[in-house]
Amino acid sequence: MRERWENAFSQWYNDIIEKAKIIDVRYPIKGLYVWFPYGFKIRKNLLKIIRRLLDESGHEEALFPLLIPEQEFEKEAVHIKGFEDEVYWVTHGGRDPLNVKLALRPTSETAIYPMFKVWIRAHTDMPLKVYQIVNTFRYETKHTRPLIRLREITTFKEAHTVHSSYEDARRQVEEAIAIYKRFFDILGIPYIVSRRPDWDKFPGADYTMAFDTIFPDGKTLQIGTVHNLGQTFSKTFDIQFENLKGEQEYAYQTCYGISDRVLASLLAVHGDDKGLCLIPEVAPIQCVIIPIWFKGNKEGINAEVRKVKEELGELRVHIDDREIRPGSKFFDWEISGVPLRIEVGPKDIDKNQVMTVRRDTGEKRSVSRAGLKDSIEKILEDITEHLKTRAKTRLEDSIHDAGSMKDAREIIKRKGIAKAPWCGELSCAEDMEETVGTDILGILEEELPAGRGGGLAGTCIGCQREACCVVLIARKY
Ligand code: P5A
Ligand code: ZN
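The notes below deal with the structure included here. Keep in mind that this is a model prediction, so the values were computed, not measured.

### Thoughts on the site of ligand 1
- Lining the immediate surroundings of ligand 1 are 22 residues, of which Glu 109, Glu 140, Gln 222, Thr 225 and Ser 259 lie closest.
- At 2.9 Å, a backbone N or O of Leu 150 approaches a nitrogen atom of ligand 1.
- One of the side-chain N or O atoms of Arg 261 is found 3.3 Å from a nitrogen atom in ligand 1.
- Relative to its unbound accessible area of 590 Å², ligand 1 is 96% covered by the protein chains.

### Describing a nonpolar patch on the surface
- A cluster of nonpolar residues, Tyr 27, Ile 29 and Val 34, forms a patch on the protein surface that exposes about 250 Å² of accessible area.
- With relative accessibility at 42%, the residue Tyr 27 sits in the partly exposed group.

### As for the sheet that holds strand E6 (residues 96–104)
- Spatially, 3 strands are ordered E4-E6-E5 in an open sheet, and the strand pairing comes out antiparallel. Lying at the two open borders of the sheet, with one neighbouring strand each, are strand E4 (67–69) and strand E5 (89–93). Strand-to-strand twist across the sheet, computed as the mean angle between neighbouring axes with direction ignored, equals 45°.
- Taken together, the 3 bridges between E4 and E6 define a ladder with antiparallel strand orientation. Among the inter-strand pairings, Ile 68 is bridged to a residue of E6, identified as Ala 103.

### Thoughts on the packing of helix H3 (residues 37–56) against helix H7 (residues 166–187)
- Running from N to C, H3 and H7 point in directions that differ by 150°, and their axes come no closer than 10 Å. As far as their axial angle goes, H7 and H3 are roughly antiparallel. Between H3 and H7 lies a crossing whose hand is right-handed. Within the contact between the two elements, H3 uses Leu 46, Ile 49, Ile 50, Arg 52, Leu 53 and Leu 54 and H7 uses Ile 179, Tyr 180, Arg 182, Phe 183, Ile 186 and Leu 187.
- Its residues assigned to classes, the contact of H3 with H7 comprises 10 nonpolar, no polar and 2 charged.

### A short note on the coordination of the zinc ion (ligand 2)
- Bound to the zinc ion (ligand 2) on the protein side are Cys 423 (SG), Cys 428 (SG), Cys 460 (SG) and Cys 463 (SG), at distances that span 2.3 to 2.4 Å.
- Around the zinc ion (ligand 2), the 4 donor atoms sit at angles spanning 103 to 112°, and that spread fits a shape best called tetrahedral.
- Of note, the zinc ion (ligand 2) draws all its donor residues from one chain, in the sequence arrangement C-x4-C-x31-C-x2-C. On the criterion of sequence distance, the pair formed by Cys 423 in the loop between strand E21 (417–422) and helix H15 (426–436) and Cys 463 in the loop between strand E22 (439–444) and strand E23 (469–474) is long-range, its members being 40 residues apart.
- Given the relative accessible area of 15%, Cys 423 is considered buried.
- Note on Cys 463: relative accessible area 24%, which makes it partly exposed.

### Description of the sheet that holds strand E16 (residues 317–319)
- Taken in spatial order, the 5 strands make up an open sheet running E16-E15-E17-E18-E19, and their pairing is mixed. Of all the strands in the sheet, just E16 and strand E19 (364–368) have a single pairing partner and so form its edges. Looking at each pair of strands side by side, their axes are set apart by 30° on average, direction ignored.
- The sheet contact formed by strand E17 (residues 340–344) and strand E18 (residues 353–358) spans 4 bridges and is antiparallel.

About the cut-offs
- Residues numbered from 1 in each chain as written.
- Chains lettered and ligands numbered in written order.
- Predicted model: local features only at pLDDT ≥ 70, side-chain atom pairs only at ≥ 80, totals over all residues.
- Heavy atoms only, no water.
- Near = heavy atom within 4 Å.
- Polar contact = N/O pair within 3.5 Å; in protein donor to acceptor, adjacent residues only side chain to side chain.
- Areas by Shrake-Rupley, 256 points an atom, 1.4 Å probe, with all protein chains shown as cover.
- Patch = residues over 30% accessible without salt bridge, like charges linked within 9 Å, V, L, I, M, F, W, Y side chains within 5 Å.
- Salt bridge = Lys/Arg side-chain N within 4 Å of Asp/Glu carboxyl O.
- Buried < 20%, exposed > 50% of the residue type's maximum accessible area, 1.4 Å probe, protein only.
- Pairing = 2+ DSSP bridges.
- Helix = DSSP H or I, 4+ residues; strand = E, 2+ residues; numbered from the N terminus.
- Axes fitted to C-alpha atoms, helices over the stretch in contact; angles between N-to-C directions.
- Parallel < 35°, antiparallel > 145°, perpendicular 65-115°, else oblique.
- Left-handed = near helix turned anticlockwise from the far one by under 90°.
- Contact = heavy atoms within 4.5 Å.
- Nonpolar A, V, L, I, M, F, W, Y, C, P; charged D, E, K, R; others polar.
- Donors = N, O, S within 2.8 Å, 3.2 Å for Na, K, Ca; no water.
- Tetrahedral: all angles 85-135°; square planar, octahedral: opposite > 155°, others 65-115°.

The structure is reproduced here in structure tokens:
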């Protein structure tokens, strides 16, 4: 059942993150929230995966300060213009006004790059690839939402790299995209990668590649971005190296980041009317065992339940032995998204089996105690596969080709994402956004219109002249 999930998603989301004990929204500052212990466990599991992926690909974890002096923050003109309305300032130390105002990092380029200037001397110091996982602050003026639009982003996973050639930086962008793809694939979060149009790129970047996913309400959410910074920041922060010819050259940089939105989309894309459906890999509890007590045999069943837990070894298993009806327990664990429920009652013990119930499909199946762990692991794998495929299919089914403005409008109305040929002119883009009533999300570089050897019509839906590329039009969070 995905009625409410799809048709009243906002309510579903607010309701579930609280009932499933992910985030407490009652903290008295707008846009700042509290992590419940259960939510925090999922967060830890997610961070473990991304740390592994970054470490394995030669990134090193570091940590830079939260506060940035005003003069560093304001050095890069385009960057500051993009962020000035979103910055929180620290102006006092106790009662004394500070000589230099300090910005709470909205992102850390201006904290990190003055240090890169002293770290980088020769081409042998590169590539330099560091990352940090920190909180960042953005005074967002759009409607704030837990995990989605935060004023305190609590898991900003930002990577910053420095290279000795533009080509290396370009390759780094590709590596970053590959890493994020792997990360989202593990979590079964479907995505579209596109190039942001110039008016929507990261302030200071040459170009921005972005990951978007689709929420149940048909709106897309940007879940990650990878920026080629070229030499913009290295010129501002004077990051130079001695090249092979013995000359000083400005370095080439990239940065990329993902946030708490990863968890938001994990929860959103895999849910249903009953609550969350967590991917076993990150679920704090992978199996919950519910003893089905029967008159006079409570102790016997409890003993058997403990044995079952032992048989499941390192799997994350929880025994729910609360003195309440089994039905209430089922309900609670369904909201929390525990992938598999295992019931153990007198009949199961007689037959040397357990009863399993999948969270994603509701399928009930008895499983023999012989080779129990292998069987349960297999079911968990099936759950992962099913959740991944279901989410991926849903995204793919939402994308439709638009041959005209009217088509595009229809597709958006039906909660879809439209793909349309575009001529590259800003005026046509504005026209499209106005007529369709929503935004251009990004440009699909690998997809070409017919005139250029691709599948879609060869003419721009704005002006009917020859198109140069294909754009995605979608509603956005
Ligand atoms: C890349 C890392 C940057 O800040 N500097 C270092 C670059 N890019 S970004 O696009 O501005 O942000 C990276 C990702 O963070 C998410 N995000 C947010 N998540 C929650 N609440 C917010 N207010 C918020 N703002 C940005 C997006 O997923 C974005 O792609
Ligand atoms: Zn046009």
